[in-house]
Structures are given as structure tokens and as C-alpha cells.
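Listed below, chain by chain, are the residues.
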Amino acid sequence: MAIDENDFRKALARFASGVTVMTTAADGEMGGMTVSAFCSLSLRPPLVLACIDERASLLPLLRRSGAFAVNILSDEQSGLSNQFASKMSDKFQGVAYDIGPWGQPLLAGAQAHLVCTLVQEWEGGDHRVIVGQVEAASVDASRKPLLYYASQYGSFHPLS
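## As for the pattern of salt bridges
Thought 1: For the structure on display, the rule yields eight salt bridges.
Thought 2: Here Asp53 and Arg55 are joined by a salt bridge, their closest N and O atoms 2.8 Å apart.
Thought 3: By relative accessible area, which is 71% here, Arg55 ends up exposed.
Thought 4: With its nearest N and O atoms 3.0 Å apart, the salt bridge here joins Asp140 to Arg143.
Thought 5: Judged by relative accessible area, which is 29%, Asp140 ranks as partly exposed.
Thought 6: According to the relative accessible area criterion, Arg143 is partly exposed, its value standing at 29%.
Thought 7: In this structure, a network of salt bridges that share partners links the residues Asp27, Glu29 and Arg64.

## Brief notes about the sheet that holds strand E4 (residues 38–42)
Thought 1: Pairing is antiparallel in the open sheet, where seven strands are placed in the order E3-E2-E6-E9-E10-E5-E4. A single partner strand is all that each edge strand has here, and the edge strands are strand E3 (29–35) and E4. Going from strand to strand, the sheet's axes swing by 35° on average, the running direction of each strand aside.
Thought 2: Pairing between E4 and strand E5 (residues 47–53): four bridges, direction antiparallel. If you follow Ser42 over to E5, its bridge partner there is Leu47.
Thought 3: Taken strand by strand, helix H2 (residues 58–65) contacts strand E2 (20–26), E3, E5, strand E6 (67–72), strand E9 (112–124) and strand E10 (127–139), and its axis lies near 55° from that of E2.
Thought 4: Across the sheet, helix H3 (residues 78–85) touches E2 and E3, and the angle it forms with E3 is around 115°.

## Overview of the environment of Glu121
Thought 1: Its location among the elements puts Glu121 in strand E9.
Thought 2: A relative accessible area of 24% places Glu121 in the partly exposed class.
Thought 3: Of the polar contacts made by the side chain of Glu121, one reaches the side chain of Arg63; its length is 2.5 Å.
Thought 4: A polar side-chain atom of Glu121 sits 2.9 Å from a polar atom in the side chain of Arg128.

## Notes on the environment of Cys51
Thought 1: Counting through the fold element by element, Cys51 comes out in strand E5.
Thought 2: Residue classification places Cys51 among the partly exposed residues on the basis of a relative accessible area of 26%.
Thought 3: Along the backbone, Cys51 and Ile130 are 79 residues apart, and their C-alpha atoms lie at a distance of 6.1 Å.
Thought 4: Setting aside residues no more than four positions away along its own chain, Cys51 makes contact with Val35, Ala37, His127, Arg128 and Val129.

## Considering the state of the cysteines
Thought 1: Summed over the entire model, instances satisfying the criterion amount to zero disulfides.
Thought 2: Just so you know, Cys39 is unpaired, no disulfide at all, and the nearest cysteine sulfur is the one on Cys51, 7.2 Å from it.

## Re H3
Thought 1: When we look at burial in H3, the residues that qualify are Leu80, Ser81, Gln83 and Phe84. Mapping the buried residues of H3 onto a view down its axis gives an arc of 165°, with all of them on the same face.
Thought 2: In this structure, the buried side of H3 is in contact with E2, E3, strand E8 (105–107), strand E11 (146–149) and strand E12 (152–155).

## Regarding a nonpolar patch on the surface
Thought 1: A contiguous nonpolar surface patch, about 310 Å² in accessible area, is contributed by Ile3, Phe8 and Leu12.
Thought 2: Along the chain, Ile3 turns up in the segment before helix H1 (5–12).

Reading the values: the criteria
- Residues numbered from 1 in each chain as written.
- Predicted model: local features only at pLDDT ≥ 70, side-chain atom pairs only at ≥ 80, totals over all residues.
- Heavy atoms only, no water.
- Salt bridge = Lys/Arg side-chain N within 4 Å of Asp/Glu carboxyl O.
- Buried < 20%, exposed > 50% of the residue type's maximum accessible area, 1.4 Å probe, protein only.
- Pairing = 2+ DSSP bridges.
- Helix = DSSP H or I, 4+ residues; strand = E, 2+ residues; numbered from the N terminus.
- Axes fitted to C-alpha atoms, helices over the stretch in contact; angles between N-to-C directions.
- Contact = heavy atoms within 4.5 Å.
- Polar contact = N/O pair within 3.5 Å; in protein donor to acceptor, adjacent residues only side chain to side chain.
- Disulfide = S-S within 2.5 Å.
- Arc of directions from axis to C-beta.
- Patch = residues over 30% accessible without salt bridge, like charges linked within 9 Å, V, L, I, M, F, W, Y side chains within 5 Å.
- Areas by Shrake-Rupley, 256 points an atom, 1.4 Å probe, with all protein chains shown as cover.

The analysis is restricted to geometry; functional conclusions fall outside its scope.
As C-alpha cells, then:
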């Protein structure tokens, strides 16, 4: 029995997630996209996993680069999430960033950055599952996370 695509989407919208922007660069070209399907995979070695639509323009650039950054967005960056989720040609227009050790853009104002080398990729339906080994990480503990739930942005407030 196949699930209705709209029911599937509605159910998944009830899962709160952090918001990341994956960035990469190769041959003088930079690319980035908003990714909510992201998680840690392993502590030893330090691996992360992200799922990217197989039609995403970032994918060929990521393969050429062999490295990427995961920018974990702060609660002040919903506009940045929307910008990198858009179809605009220059997603870096007006965006402040530094360049990471393998040439990836590290977005200013993010609450954390993970610099990764691409170690594995496989098919996952209409997406590609990307596995990266974390080579470097930085955290700005003064920032709060940007969360996405039921098609809306929010932030974290402890219950205690």
C-alpha cells in the first residue's frame, strides 16, 4: 500500500528540525543550499549525513570539490535559509562569509560550522545521501538555533 504524498509531507512537517546551509566551492564557483535533512552519523570517526535532491545544482559542485561546510543557522537567519532555498542564481548576494580551510564559504552569524570532506554518497529515492567526515568544527555558544516546524521558523526555549 503506497502512502499519499500529501499525507507523507504533512506527517513529516510535524518533525521539528534544525536548519543548515551546506556550502561548497570548486574552480572559482561557490554553491550553497538549505538542508533540513541533516544529522550526525558517527562519533568515531566523526561523520555527518545530509540528504540532497538529486536535481540540486549543488551536487555536481560538491562532487568536484570533495569538501563542504555545514552552516548550522542561528535564530536570526531565517532570511538566509529562505535565500539559500530559493532558485536565485547568486545565493551569496549580500551574504557575509569567511572561507574555510578547503575553500568552502562559512556563513557569518551561524551558531556552528562543520567543515567536512566527502567520504560517501549513495542513492536514496529521489535524493542523494551524502556522508561527510568532519575535519574541523566551530561553535558560537552565544547564538540560539533556528528551528523549522510545521512549515514555520522558530527557536528553542528550554522547558526548565
